[in-house]
Amino acid sequence: MADSDVKKYDISMVRPPILHNQIVLRGHHLSPQSRSKVKNALRTLHSLEIMAVNTYRFQITQTDDALNRELIAAMCNEMTHVQDFTVKLYEYGLTPSLFRWAWWLVGFGIGFGSRLLGKKAILKTGIFVETKAVHHYAELLNAAEWDDPTRHVIEKDQADEDGHIQTWSRLLSETA
């Protein structure tokens, strides 16, 4: 994601508001092929965000420091992303994957495993996972025919992931 793309979204807002009139039934005009692409992309985004929530959830310790504060904020932000894609799935008349629980377990493993390895491992894991997420978002933005409001949500969430990379990179440089 280019810096100009990140700057058009306010990534300081951890949980953007959603107005009642923004909930809209979507996708009725889509062909079966296009609908399938939307379904696969939204389910992928939803599942990966469940993983991200648990990665951060299980990295948080009881230490009173900047890292924990940022992990809590990142977890909250990722929970918002899960909500974003849950809403979009239902707006399109779709449902989350039955196998999303597996992504919960993957997030637990990544989060708890990196926590056991210490602060640098947590930060390096965050940078690695979020870098993969930014690239995955780019692929999924091109994988389906999105309406403007849905594209905006996906781009905003991608910008948030890029913001997490910046935060983890800054904290890692301060730790070294």
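Values in this document were obtained by computation on a predicted structure and should not be read as measured data.

## What about the packing of aromatic side chains?
Both the distance between ring centres and the angle between the ring planes are used here to describe each pair of aromatic rings. According to the stated counting rule, one finds six aromatic pairs in the structure shown. Judged by centre distance (5.6 Å) and plane angle (50°), the rings of Tyr 56 and Trp 168 are tilted. With Tyr 56 in helix α2 (residues 32-57) and Trp 168 in helix α6 (residues 148-175), this pair connects stretches of sequence that are 112 residues apart. There is no split in this pair, since Tyr 56 and Trp 168 are both buried. Judged by centre distance (5.8 Å) and plane angle (80°), the ring pair of Phe 58 and Trp 104 falls under edge-to-face. With a gap of 46 residues between them, Phe 58 in the loop between α2 and α3 (66-91) and Trp 104 in helix α4 (residues 100-117) connect regions that are remote in the sequence. Residue classification places Phe 58 among the buried positions, given a relative accessible area of 19%. Feature note: the residues Phe 58, Trp 104, Phe 108 and Phe 112 constitute an aromatic cluster, connected by ring pairs.

## Notes on the side chain of Asp 157
You can see Asp 157 is positioned in helix α6. Although Asp 157 lies buried, it forms no salt bridge, and the closest oppositely charged side chain, Lys 156, sits 5.8 Å away as judged by the N-O distance. Polar side-chain contacts of Asp 157 include one of 3.3 Å to the side chain of His 81. Contacts of Asp 157, omitting those with residues within four sequence positions, involve His 81, Asp 84, Phe 85 and Tyr 137.

## Let's talk about the environment of Ile 60
Among the structural elements, Ile 60 can be located in the loop between α2 and α3. Ile 60 sits in the buried class, given a relative accessible area of 17%. Setting aside its immediate chain neighbours within four residues, Ile 60 contacts Asn 68, Leu 71, Ile 72, Met 75 and Arg 115.

The rules behind these values
- Residues numbered from 1 in each chain as written.
- Predicted model: local features only at pLDDT ≥ 70, side-chain atom pairs only at ≥ 80, totals over all residues.
- Heavy atoms only, no water.
- Phe/Tyr/Trp six-rings, centres within 6.5 Å; stacked < 30°, edge-to-face > 60°.
- Helix = DSSP H or I, 4+ residues; strand = E, 2+ residues; numbered from the N terminus.
- Buried < 20%, exposed > 50% of the residue type's maximum accessible area, 1.4 Å probe, protein only.
- Lys, Arg positive; Asp, Glu negative; His and termini not counted.
- Salt bridge = Lys/Arg side-chain N within 4 Å of Asp/Glu carboxyl O.
- Polar contact = N/O pair within 3.5 Å; in protein donor to acceptor, adjacent residues only side chain to side chain.
- Contact = heavy atoms within 4.5 Å.

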